[in-house]
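Secondary and tertiary structure notes
The lines below spell out each chain.
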Protein chains: 2
Amino acid sequence: MKEGPDIAQIGALIGDPARANMLTALMGGKALTATELAAAGGITVQTASTHLAKLEAGQLLAQRKQGRHRYFTLADDAVGKLLENIMGFAAGRGHLRHQPGPKEPALRKARICYDHLAGDFGVRMLDSLVAKGAIDAIGDGLALTGKGESTLKCIGIDVGDLKASRRPLCRSCLDWSERRAHLAGSLGKALLSNFFDKGWARRTAGSRSVIFSPDGERQFLALFPIGA
Amino acid sequence: MKEGPDIAQIGALIGDPARANMLTALMGGKALTATELAAAGGITVQTASTHLAKLEAGQLLAQRKQGRHRYFTLADDAVGKLLENIMGFAAGRGHLRHQPGPKEPALRKARICYDHLAGDFGVRMLDSLVAKGAIDAIGDGLALTGKGESTLKCIGIDVGDLKASRRPLCRSCLDWSERRAHLAGSLGKALLSNFFDKGWARRTAGSRSVIFSPDGERQFLALFPIGA
DNA sequence: TACATGCTTCGGTTACGATCGAACTATGCA
DNA sequence: TGCATAGTTCGATCGTAACCGAAGCATGTA
């Protein structure tokens, strides 16, 4: 006993339903205020405030004051990755929420996983990029190829800029709904914001799901065909 | 709120210190009895029994009756992977146990991570195999090469047998002490038991740490040189 | 059959933490 | 200066779950 890192502490932080709901809400990638997070957790602001203080002390959250608002985000993408990991595990055990709510299908189709695209569409995109030879894959590892670099340039993404950052370019992230990998990393992030910029898709207000416009969906599917 | 899988449930399961200690003890890979786990958790058997029932209901543990003993193990290697994940995260935030105990250095040098070798030695082994061209690595992904297959045959491991199983041959696992990857998967398991069989190393009684004999350590270091 | 060991179930206690109302601080706006 | 909004801190309540002693099963051994 008493060996190694303290997993109980972060388990306990995630283990409270209200906190778990707030963290899940922050997986949407947007910074949220304490009041918004209180609503997400289904609790009053006072209670939320103490929860947020604990999460911040545990280094799961970061906050930034702006005027009289206090915006909270996940501390970094390691937190997002951890949460998605646990979600994948929980989903694999059938520890789903009681009933598959009405928003469930949209969530499975396309959603934000911290800062990149997940769900059916996210998995499809990665599959297509691999099939095309734009990305090399060995198991969980992903690497952009030279061909991939030029493919992305056509879409409107300059990989050179991304390479400058410390963050890895390609990362695989296990998708809890599809139970397969989708593309994370700075490239995953760039692709998603590219879709937003082009107007192919938009975020939804209180949810992590991503809505594609009819035209956006058509173009997305054409750009990332299955089995080619 | 109420989106996606129920992370709070498994967070809560891991979040109790007694349960976390029991789970950590089971990361040693050995099946343990309820009494042993009670000791690991620092609680009485009665209390341990209720904890174990909860963990089993949550599908984190599996048990197997044998005579009047009841042996508990982690339900599968997904659980082990999850726990190591969380450990890595916790260690990265400095959420270490209060003081680095006396056993800490041994643990950092070589320990069991569910069923394969971790710690400094585990990381070194993977590095060496990659440097040698026995394993291809792209990011987190690992794949055994043809050359690697014959290398392993010399060590005394028949890869053909391992390939028959459903479990992936090579998997990378983030090492919480080294913060780099070591080798998991059925190959990682096979290598560790190979070391045990040869008498190079042995488990310790109440701990996850692996003790190499002087001769075993010499041979290990020669077999897996750094930077070659 | 009797007894020991391993574990579970029951009952009752206790402690911790989640919760909210109310009061307080801070920022912004008029 | 006064008022509104955002958030924290305080105090008190309440519920749950961790905990252990004691009793109850189950299995093995003499």
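Nothing here was measured: the structure is a model prediction, and the numbers come from that model. (Residues numbered from 1 in each chain as written. Chains lettered and ligands numbered in written order. Predicted model: local features only at pLDDT ≥ 70, side-chain atom pairs only at ≥ 80, totals over all residues. Heavy atoms only, no water.)

**Digging into the overall build of chain A**
A count of helices and strands for chain A gives eleven helices and eleven strands. Compactness check: chain A gives a C-alpha radius of gyration of 18 Å against a globular reference of 17 Å for 228 residues, within 12% of the reference. Burial analysis of chain A (228 residues in total) assigns 50% to the buried set. Taking the intrachain contacts of chain A between residues at least 6 apart in sequence as the baseline, contacts between residues at least 24 apart amount to 59%. Of the side chains in chain A, 31 bear a positive and 22 a negative charge, and the two mean positions are spaced by 4 Å. (Helix = DSSP H or I, 4+ residues; strand = E, 2+ residues; numbered from the N terminus. Rg over C-alpha atoms; globule rule 2.2 N^0.38 Å. Buried < 20%, exposed > 50% of the residue type's maximum accessible area, 1.4 Å probe, protein only. Contact = heavy atoms within 4.5 Å. Lys, Arg positive; Asp, Glu negative; His and termini not counted. Charge placed at Lys NZ, Arg CZ, Asp CG, Glu CD.)

**Some thoughts on the domain arrangement of chain A**
Residues and elements named next belong to chain A. Partitioning chain A into structural domains gives domain 1 (7-75) and domain 2 (99-223). One C-alpha centre belongs to domain 1, the other to domain 2; they are set 26 Å apart. Taken together, the contacts link six residues of domain 1 with seven residues of domain 2. For the pair domain 1 and domain 2, the summed buried area comes to about 590 Å², and 55% of that belongs to carbon and sulfur atoms. Of all residues in domain 1, Met27, Gly28 and Lys30 bury the most surface against domain 2, accounting for 66% of the area lost on that side. Along the contact surface separating domain 1 from domain 2 lie zero salt bridges. Counted by class, the side of domain 1 that touches domain 2 contains two nonpolar, three polar and one charged residues. (Domains from an automatic or database assignment. Buried area = accessible area lost by both parts, 1.4 Å probe. Salt bridge = Lys/Arg side-chain N within 4 Å of Asp/Glu carboxyl O. Nonpolar A, V, L, I, M, F, W, Y, C, P; charged D, E, K, R; others polar.)

**Some thoughts on the environment of A:Leu169**
Residue and element names in this part refer to chain A. Assignment of secondary structure puts Leu169 in the loop between helix H9 (159-164) and strand E8 (171-174). Separated by ten residues in sequence, Leu169 and Val159 place their C-alpha atoms 8.6 Å apart. Sequence-distant contacts of Leu169, that is, excluding residues within four places in its chain, are made with Leu144, Val159, Leu162, Lys163, Ala184, Gly185, Ser186, Leu187 and Gly188.

**Some remarks on unusual backbone geometry**
Across residues other than glycine, the phi torsion is negative in most instances, and most of the peptide bonds are trans. At A:Gln59, a residue that is not glycine, the phi angle is positive and equals roughly 65°. With respect to the helices and strands, the residue A:Gln59 is situated in the loop between helix H4 (45-57) and strand E2 (61-66).

**Details of the packing of helix H2 (residues 17-26) of chain B against helix H3 (residues 34-41) of chain B**
Residue and element names in this part refer to chain B. H3 packs onto H2 with a crossing angle of 120° between their chain directions and a minimal axis gap of 8 Å. With respect to H3, the element H2 is oriented oblique. The way H2 lies across H3 gives a crossing that is right-handed. Side by side, H2 and H3 meet where Ala18, Asn21, Met22, Ala25 and Leu26 of the first sit next to Leu37, Ala40 and Gly41 of the second. Taken together, the residues of the contact of H2 with H3 sort by class into six nonpolar, two polar and no charged. (Axes fitted to C-alpha atoms, helices over the stretch in contact; angles between N-to-C directions. Parallel < 35°, antiparallel > 145°, perpendicular 65-115°, else oblique. Left-handed = near helix turned anticlockwise from the far one by under 90°.)

**Looking at the protein's contact with DNA strand D**
In the vicinity of DNA strand D lie 20 residues, with A:Thr35, A:Ser49, B:Gln46, B:His51 and B:Lys54 positioned nearest. Among all atoms of DNA strand D positioned within 4 Å of the protein, those belonging to sugar or phosphate total 73%. A distance of 3.2 Å is found between a base oxygen of DNA strand D and a side-chain nitrogen or oxygen belonging to A:Arg68. Between B:Thr44 and DNA strand D, the recorded distance is 3.1 Å, taken from a side-chain N or O atom to a phosphate oxygen. Those elements that place two or more of their residues in the surface near DNA strand D are helix H3 (34-41), H4 and strand E3 (69-74) of chain A together with H2 and helix H4 (45-57) of chain B. The leading source of residues in the surface near DNA strand D is H4(B), at four residues. Among the residues making up the surface near DNA strand D, the classes are represented as three nonpolar, ten polar and seven charged. (Near = heavy atom within 4 Å. Polar contact = N/O pair within 3.5 Å; in protein donor to acceptor, adjacent residues only side chain to side chain.)

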